[in-house]
Amino acid sequence: MTVSRKLTATAAVVGAVVAGVVVGLLLVAPSGSDPAASSAAAPPPWPSSSRPVPVDPDVAAVEVVGEAIAAAIVNHDATAFGKLTCVQQSSADLAELKRKWEAAGKVTATVPDPPSVGGDSATVTVHVEGAGGQKDTPFPLKKRDGKWCVP
């Protein structure tokens, strides 16, 4: 596979993941919500988990990434989410993601279950609740250069 094809494939996967997050959040957004009213409140603190700390370092690292994804969603912080991706996101894509998250209004996000890890691939599910309902979104992760990221 040529470098150009790899970059195109990677960009397509990142786009699909971002689109999935946006669609999931729009599903839990209240209809007719006022983004300006929801962004005036102080952002909620980092989501917390009551599960014991995992022994496997990869499971622990994936769970940290999952908690960071949940925090980015709750805080409408697309820049923080962009730092969790394997491929650098454009400022336009991050601005659009932030706009859609803000339109969703106030939400809560948690990582309710331990992640699934196998080799250099993992999946962490983020549970999001808002005025419009709730949704569980599985985020695929890859281990690249010793770091877990959203492909």
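Residues numbered from 1 in each chain as written. Predicted model: local features only at pLDDT ≥ 70, side-chain atom pairs only at ≥ 80, totals over all residues. Heavy atoms only, no water.

**Re the overall build of the protein**
- A tally of regular secondary structure across the protein gives 5 helices and 5 strands.
- Split into buried and exposed, the 151 residues of the protein put 34% on the buried side.
- Considering only residue pairs separated by 6 or more positions, the protein has 57% of its internal contacts joining residues 24 or more positions apart.
- On the protein, roughly 8,200 Å² of surface is accessible, and the fraction owed to carbon and sulfur atoms is 59%. (Helix = DSSP H or I, 4+ residues; strand = E, 2+ residues; numbered from the N terminus. Buried < 20%, exposed > 50% of the residue type's maximum accessible area, 1.4 Å probe, protein only. Contact = heavy atoms within 4.5 Å. Areas by Shrake-Rupley, 256 points an atom, 1.4 Å probe, with all protein chains shown as cover.)

**Regarding the pairing of strand E4 (residues 133-144)**
- Strand direction decides the pairing type here: strand E3 (residues 121-130) and E4, joined by 10 bridges, are antiparallel. Following the sheet pairing, Glu129 is matched in E4 by Gln134.
- The antiparallel hairpin formed by E3 and E4 contains 2 residues in its connecting segment.
- Inspection of the sheet shows E4 paired to strand E5 (residues 147-149) by 3 bridges, in the antiparallel sense. Bridged to Lys142 within E5 is Cys149.
- Between E4 and E5, which follow one another and run antiparallel, lie 2 residues, and Asp145 among them has a positive phi close to 55 degrees. (Pairing = 2+ DSSP bridges.)

**Overview of the state of the cysteines**
- The tally for this structure, following the rule as stated, stands at 1 disulfide.
- Paired through a disulfide, Cys86 and Cys149 show a sulfur-sulfur distance of 1.9 Å. Here Cys86 and Cys149 share a disulfide; its torsion about the S-S bond, 95 degrees, makes the bridge right-handed. With Cys86 in the loop between helix H4 (78-82) and helix H5 (91-104) and Cys149 in strand E5, this pair connects stretches of sequence that are 63 residues apart. (Disulfide = S-S within 2.5 Å.)

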